[in-house]
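Each chain is listed here by its residues.
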Amino acid sequence: MSNGFSSGIEPIISIQNLHRIYHLEGEDIHAVNNITLDIWPGYVTAIVGRSGSGKTTLLNLIAGLDDPTEGEIHILGRRLSSLSEPERLKMRLYEIGFVFQSFGLMPLLTAAENVGIPLRMRGTNPIEREQAVAEALEWVGLSHRVKHRPYELAGGEQQRVAIARALASNPRLILADEPTGQLDTRTGRRILDLLRRLVIEREITVVIVSHDPQVIQEADVVHELRDGQLMETRIKDGIVLPDGSSGSIQFMEDAQTAYEIPQASSIN
Ligand SMILES: Nc1ncnc2c1ncn2[C@@H]1O[C@H](COP(=O)(O)OP(=O)(O)OP(=O)(O)O)[C@@H](O)[C@H]1O
Ligand SMILES: [Mg+2]
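Let me sum up the structure you'll find in this document.

Here is what the cut-offs are and how they apply
- Along each chain, the written sequence defines residue order, and numbers are assigned to residues from 1.
- By the order in which they are written, chains take letters starting at A while ligands take numbers starting at 1.
- Confidence filtering applies because this is a predicted model: local features only for residues at pLDDT of at least 70, side-chain atom pairs given and counted only at 80 or more, and all residues used for totals across whole chains, interfaces and linings.
- Labels follow the DSSP assignment, with helices taken as runs of H or I lasting at least four residues and strands as runs of E lasting at least two, numbered in each case from the N terminus.
- Three exposure classes are used, all based on how many other C-beta atoms lie within 10 Å of a residue's own C-beta (placed from the backbone): buried at 20 or more, exposed at 12 or fewer, and partly exposed between those limits.
- Contact between two residues is assigned when their C-beta atoms, built from the backbone, lie within 7 Å.
- When DSSP finds at least two bridges between two strands, those strands are taken to pair.
- Axis lines are fitted to C-alpha atoms, over the contacting stretch for helices. Their N-to-C directions set the angle, which ranges from 0 to 180 degrees.
- In plain words, the nonpolar core is the set of buried Ala, Val, Leu, Ile, Met, Phe, Trp, Tyr and Cys residues that C-beta atoms within 7 Å link up.

1. Regarding the overall build of the protein chain
In terms of regular secondary structure, the protein chain is built from nine helices and ten strands. Counting across all 268 residues of the protein chain, residues that qualify as buried make up 38%. Long-range contacts, defined here as pairs at least 24 residues apart, represent 69% of the contacts in the protein chain between residues at least 6 apart.

Rendered as structure tokens:
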């Protein structure tokens, strides 16, 4: 599963030769085209690319919401294709938190009720649930907005409610699809800071799908997709992943072209 030397740490998500082909009105759309990559625990990983490059398709495959045409995904120590639908549901409810561009909040429910939805689905008892909800809302700095409904909240606050909802079930992994897509730059920055704190303070692994330059800048590892294919993986300078890959080589190459030393003969 790991492509690395044995650090003892396994990828939290490992994708091998993944394909997803949609058949639409006689046309084949190769939305995910032979993607192989590992996502390591304890980092912010971004999957980036232009609109239509296959980001959401890939995220849905990772979450087990869709099935690949070909290829394998290992996630949280399990082979996704070997899980039944109830097992996948359980994994999503207990181990994965979701954050969406459109926030995905129920309009008629209060912030607290929205945050409590996954716990309700899990059958968590009301006392425990209330406590988890209050803690999660406090963590995102929204204790004073508990009773507000989504339309009574600013966009950034709605996204923080969505993060609290992802957080309340104490997941190991958060999957976020364009979490800053509907926010202004400053509010987007705050949301990214919150996601970063999840990694540092709660040891949650965060995977963000986006085309926001701020996300690209913030992420430790960036996988860039183009037309369903993985074009490039960039690792932040100074980071060495458990498989031994690191940012410095990429950055050295960049630096070489950026600061190319002129040939002695051309200096005169
Ligand atoms: N259910 C579907 N049926 C047919 N084609 C689809 C389906 N879902 C996505 N596609 C196509 O697959 C390709 C990848 O779509 P996807 O939604 O994964 O892109 P994306 O990178 O998330 O784009 P965006 O940044 O706009 O959200 C696109 O060409 C899209 O039209
Ligand atoms: Mg998308």
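2. Describing the sheet that holds strand 9 (residues 221-226)
In spatial order, the strands read 6-7-8-3-9-10; together these six strands make up an open sheet with mixed pairing. Whereas interior strands pair on both sides, the edge strands pair on one side only; in this sheet they are strand 6 (96-100) and strand 10 (229-235). Strand-to-strand, the axes of this sheet are offset by a mean angle of 15 degrees, without reference to chain direction. Pairing geometry for strand 3 (residues 44-48) and strand 9, over four bridges, is parallel.

3. Some details on the nonpolar core
If you look at the biggest cluster of nonpolar residues, it comprises 66 residues, and the most contacted ones within it are Ala-164 and Ile-208. Per element, the largest residue contribution to this core is seven residues, and it comes from helix 5 (residues 155-168). Leave out the neighbours within four places in its chain, and Ile-208 touches Val-44, Ala-46, Ala-176, Pro-179, Leu-195, Val-215 and Ala-219.

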